[in-house]
Amino acid sequence: MPKHPHPISPEPDMPPDTSLIMPSLTALASIEAMRGTLAMARALLEGGRVVELAGLEVEAAGICQALGGLPQHAARALRPAMLTLMQEVEALALLMPER
């Protein structure tokens, strides 16, 4: 049976680095919270409402900083969540009125 690396373990045969659990979970929670915010904004725009996205830059910068503070193997485990977040940003951008 092939071994799959644990997202917070640098090598497949090594135990997980438990010191990375909370930072990884915190980063994932931030990613998911922003994804929810963007999904709500998209739904409002689709319904003809105007949305204000002030503050999202600060939130995005915090996510990037959190990911930058993780070892590469731990940050890589969060890549699928980040790709989903990027898709949500792109979907929202298509609906945003040009200024």
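Residues numbered from 1 in each chain as written. Predicted model: local features only at pLDDT ≥ 70, side-chain atom pairs only at ≥ 80, totals over all residues. Heavy atoms only, no water.

### Concerning the confidence of the model for the chain
Here is step 1 of the chain: In this model, the chain carries a mean pLDDT of 84, and residues with pLDDT of at least 70 account for 81%.
Here is step 2 of the chain: Summarising per-element confidence for the chain, the mean pLDDT is lowest in helix α3 (residues 72–77) (90) and highest in helix α4 (residues 79–95) (93).
Here is step 3 of the chain: Of the regions scoring below 50 in pLDDT, residues 1–6 engages in four contacts with residues more than four places distant in sequence or in other chains. (pLDDT = per-residue confidence, 0-100. Helix = DSSP H or I, 4+ residues; strand = E, 2+ residues; numbered from the N terminus. Contact = heavy atoms within 4.5 Å.)

### Thoughts on the pattern of salt bridges
Here is step 1 of the chain: The tally for this structure, following the rule as stated, stands at three salt bridges.
Here is step 2 of the chain: One salt bridge in this structure joins glutamate 32 and arginine 35, with 3.1 Å as the shortest N-O distance. Pair noted here: glutamate 32 and arginine 35 are both in helix α1 (residues 21–46), with a separation of three residues, about one helical turn.
Here is step 3 of the chain: Arginine 42 is paired through a salt bridge with glutamate 46; the nearest N and O atoms lie 3.7 Å apart. Placement of the pair is arginine 42 and glutamate 46 together in helix α1, with a separation of four residues, close to one helical turn.
Here is step 4 of the chain: The network of salt bridges with shared partners includes Arg42, Glu46 and Glu88. (Salt bridge = Lys/Arg side-chain N within 4 Å of Asp/Glu carboxyl O.)

### Section: the nonpolar core
Here is step 1 of the chain: Membership of the largest hydrophobic core comes to 18 residues, with the highest contact counts inside it found for Ile31, Ile63, Leu67 and Leu85.
Here is step 2 of the chain: The set of elements that each furnish at least two residues to this core consists of α1, α2 (56–68) and α4.
Here is step 3 of the chain: The element that contributes the greatest number of residues to this core is α1, accounting for six residues.
Here is step 4 of the chain: For leucine 85, the contacting residues outside a window of four places in its chain are Ile31, Met34, Arg35, Leu38 and Ile63. (Core = buried A, V, L, I, M, F, W, Y, C linked by side-chain atoms within 4.5 Å. Buried < 20%, exposed > 50% of the residue type's maximum accessible area, 1.4 Å probe, protein only.)

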